[in-house]
Amino acid sequence: MGEEFTVNPYEVKGVVDYDRLIKHFGVEKISSDLLKRLQKYTKLLHPMLRRKVFFAHRDFSWILDEYDKGNKFFLYTGRAPSGSMHIGHALPMLFTKWLQDVFNCDLWLQIDDEEKFLLKPEMTFEQSQEFLQDNLVDIVALGFNPKKTHILIDTQHAGLMYKEACKVAKKLTFSMVRSSFGFTEQTNVGSLFYTSMQAVPAFLPSVIAKKEIPCLIPHAIDQDPHFRLTRDILPKLGHYKPASIQCSFLPPLTGAEGKMSSSSGEQAILLTDTPEAVKKKINKYAFSGGKDTLEEHRKLGGNPDIDVSFQYLKYLFEEDDKKLAKIEGDYRSGKLLSGELKAIAIEKINSFLKEHQKKREKAKKEVGKFIYNP
């Protein structure tokens, strides 16, 4: 992406220019006309759409065209376990749940339990399996419909997926993978093959049903290279190109460049964090858009555009647009102090996590209901 920033499935760094990214990746910005059309089906748009957290797409209009014809689509999203899940991981998952609820559609959720093992030299396969079990509990706790959610675990469902992955792999050349991900001659062959496995859930339901079913993939924008390749290959195999809808990145606590990462320890709010841990992390590490002194802040106001606590409210934790607008206005005017804004974020995040962790305990006994059983 040039000197300023880098965005790919394995690295996000620098200050991301999303307008440039749209042009570079070839995705389409979500227009007001598309939102108006979508609102006919959903009545109230999700806050992540209203606030342009989900900001780009590929063929979403086609998905709605097919839906109007009675050709219902299915959803596909996933998770590659590399540590405990954090609130940034929950963001696209919660949006996917909303789509499942609104359109009453099936979700195929792929757990790529081999990806990080292949890509991270320090990770053992045993570690990846521990993260897998922990992440499954968090995913189930987010509230997906067990009757319409089918979890595929790459290593456990290999017998089902490998034949279809081979069909993809035969059409996928080394040069295509290298140019998409920057792989070199030193890259292990498992990493080269991985995209073939990630492509499978985009058409596996069509193979099982023996008829073509449209697919919509909600995901963070850094995963787009995988699905660009998938879209190139699937028509050659007689399948629809999957449509997709992309979101921006939840910033790390420190306001540093890139995105939130669970491997960064104190820079992430984990879904298992205690109220005390959340309070400490926000108060100590959350980057503030406030001024250096109380007098200066009261006079000049703060900048919510760079304030991490405000961004967390905007992305995930304040659904009411009027309340969010008041917080923003008060902060810009200097009426609301940085410490007060942090206190609002702490309360909202802890309220969400309290409910999630209750559901998490119940989910431990329900994971099996979600694992796909052919």
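Our subject is the structure that appears above.
It should be emphasised that the depicted structure is a prediction, and the values quoted were computed from it without experimental measurement.

A.B. asks: Teacher, can you tell me more about the packing of aromatic side chains here?
C.D. replies: Where two aromatic rings form a pair, the distance of their centres and the angle of their planes describe that pair. With the rule as written, the count across this model stands at 18 aromatic pairs. Measuring from ring centre to ring centre gives 5.5 Å for Phe117 and Phe125, while their planes differ by 80°; the resulting arrangement is edge-to-face. Accessibility expressed as a relative area gives 32% for Phe125, which makes it partly exposed. Taken together, Tyr41, Tyr67, Phe73 and Phe103 form an aromatic cluster joined through their ring pairs.

A.B. asks: Is there a simple way to think about the sheet that holds strand S9 (residues 243-247) in this case?
C.D. replies: Sheet strands pair by backbone hydrogen bonding; their relative direction is either parallel or antiparallel. In spatial order, the strands read S3-S4-S9-S8-S5-S6-S7; together these 7 strands make up an open sheet with mixed pairing. Looking at which strands have only one partner, the edges of the open sheet turn out to be strand S3 (28-29) and strand S7 (149-153). Bridge analysis of strand S8 (residues 215-220) against S9 gives 5 bridges, and the strand direction is parallel. Bridge pairing in S9 links His219 to Gln246.

A.B. asks: Would you mind showing me how to read the side chain of Lys281 here?
C.D. replies: Looking at where Lys281 falls in the secondary structure, it is placed in helix H13 (residues 275-285). Under the relative-accessibility criterion, Lys281 is labelled buried at 7%. Looking at Lys281, its side chain comes within polar contact range of the main-chain oxygen of Ala268, at 2.8 Å.

A.B. asks: Honestly, the environment of Lys281 in this entry has me stumped. Any pointers?
C.D. replies: For the pair Lys281 and Lys170, spaced 111 residues apart in the sequence, the C-alpha separation amounts to 47 Å. In this structure the side chain of Lys281 is engaged in a polar contact, spanning 2.8 Å, whose partner is the side chain of Asp273.

A.B. asks: Is there a simple way to think about helix H7 (residues 125-141) in this case?
C.D. replies: Since the α-helix advances by 3.6 residues per turn, residues separated by three or four positions end up pointing in the same direction. With 17 residues, H7 ought to run about 24 Å at 1.5 Å a step, and its terminal C-alpha atoms sit 25 Å apart, in line with that. Of the positions making up H7, those classed as buried are Ser128, Leu132, Asn135, Leu136, Val137, Asp138, Ile139, Val140 and Ala141. Backbone geometry just downstream of H7 places Gly143 in the positive-phi region, at approximately 100°.

A.B. asks: Explanation requested: the packing of helix H15 (residues 308-317) against helix H17 (residues 338-363) in the structure shown.
C.D. replies: The interhelical angle for the contact between H15 and H17, taken along N-to-C directions, is 35°, at an axis separation of 9 Å. The handedness of the crossing between H15 and H17 comes out as left-handed. Seen from H15, the contacting residues are Ser309, Phe310, Tyr312, Leu313 and Phe317; seen from H17, they are Leu341, Lys342, Ile344, Ala345, Lys348, Ile349 and Phe352. Per-class residue counts for the contact of H15 with H17 are 9 nonpolar, 1 polar and 2 charged.

A.B. asks: It is not clear to me how the packing of helix H10 (residues 189-199) against helix H12 (residues 224-233) should be interpreted in this structure. Could you clarify?
C.D. replies: Relative orientation and spacing of two packed helices are given, respectively, by the angle between their axes and the distance between those axes. For the pair H10 and H12, the least separation of the axes is 10 Å and the interaxial angle reads 70°. Between H10 and H12, the interaxial angle falls into the category roughly perpendicular. For the pair H10 and H12, the contacting residues are Tyr194, Thr195, Gln198 and Ala199 in the first and His226, Phe227, Leu229 and Thr230 in the second. Grouping the amino acids of the contact of H10 with H12 by side-chain chemistry returns 4 nonpolar, 4 polar and no charged.

A.B. asks: What is the right way to read the nonpolar core from this model?
C.D. replies: A general trend in soluble globular proteins is that nonpolar side chains are found buried together. Membership of the largest hydrophobic core comes to 79 residues, with the highest contact counts inside it found for Leu49, Leu91, Leu216, Ile269, Ile282 and Tyr312. Sequence-distant contacts of Leu49, that is, excluding residues within four places in its chain, are made with Ile30, Leu35, Leu38, Phe54, Phe95, Trp98 and Ile245. Ranked by size, the runner-up nonpolar core spans 26 residues in total, among them Ala165, Leu172, Ile217 and Leu229.

A.B. asks: Please clarify how the pairing of S7 should be interpreted in this entry.
C.D. replies: Burial runs high along S7: 5 of the 5 residues are buried. A two-sided burial pattern is seen for S7, the buried positions comprising Thr149, Ile151 and Ile153 on one face and His150 and Leu152 on the other. For strand S6 (residues 107-111) and S7, the ladder comprises 5 bridges, and the chain directions are parallel. Directly across from Leu109, in S7, lies its bridge partner Ile151.

A.B. asks: Would you mind showing me how to read the pattern of salt bridges here?
C.D. replies: Side-chain pairs of opposite charge can arise whenever the charged atoms involved come near each other. Applying the stated criterion across every chain yields a total of 21 salt bridges. Of the charged contacts in the structure, one is a salt bridge between Arg58 and Asp224, with a shortest N-O distance of 2.7 Å. With Arg58 in strand S4 (residues 54-58) and Asp224 in helix H12, the pair connects residues that are 166 residues apart, well separated along the chain. Each of the two residues, Arg58 as well as Asp224, counts as buried. If you follow the salt bridges from partner to partner, you end up with Arg37, Asp65 and Asp68 in one network.

A.B. asks: Quick question: what am I supposed to make of the pairing of strand S1 (residues 5-8) here?
C.D. replies: Moving residue by residue along a regular strand, the side chains alternate between the two faces of the sheet. On S1, burial covers both faces: Phe5 and Val7 on one face and Thr6 and Asn8 on the other are all buried. In terms of strand pairing, S1 meets strand S2 (residues 11-14) through 4 bridges, oriented antiparallel. By the bridge assignment for S2, Thr6 is matched with Lys13. The turn joining S1 and S2, which pair antiparallel and follow one another in sequence, is formed by 2 residues.

A.B. asks: Explanation requested: unusual backbone geometry in the structure shown.
C.D. replies: Trans is the prevailing form of peptide bonds, just as negative phi is the prevailing case for residues other than glycine. If you check the backbone angles, Asp59 has positive phi at about 60° while not being a glycine. Tracing the sequence through the fold places Asp59 in the loop between S4 and helix H4 (60-68). A positive phi is found at Lys210, a non-glycine position, where the angle reads about 60°. Within the secondary structure, Lys210 is located in the loop between helix H11 (204-209) and S8.

Rules behind the numbers
- Residues numbered from 1 in each chain as written.
- Predicted model: local features only at pLDDT ≥ 70, side-chain atom pairs only at ≥ 80, totals over all residues.
- Heavy atoms only, no water.
- Phe/Tyr/Trp six-rings, centres within 6.5 Å; stacked < 30°, edge-to-face > 60°.
- Buried < 20%, exposed > 50% of the residue type's maximum accessible area, 1.4 Å probe, protein only.
- Pairing = 2+ DSSP bridges.
- Helix = DSSP H or I, 4+ residues; strand = E, 2+ residues; numbered from the N terminus.
- Polar contact = N/O pair within 3.5 Å; in protein donor to acceptor, adjacent residues only side chain to side chain.
- Expected span 1.5 Å × (residues − 1).
- Axes fitted to C-alpha atoms, helices over the stretch in contact; angles between N-to-C directions.
- Left-handed = near helix turned anticlockwise from the far one by under 90°.
- Contact = heavy atoms within 4.5 Å.
- Nonpolar A, V, L, I, M, F, W, Y, C, P; charged D, E, K, R; others polar.
- Parallel < 35°, antiparallel > 145°, perpendicular 65-115°, else oblique.
- Core = buried A, V, L, I, M, F, W, Y, C linked by side-chain atoms within 4.5 Å.
- Salt bridge = Lys/Arg side-chain N within 4 Å of Asp/Glu carboxyl O.

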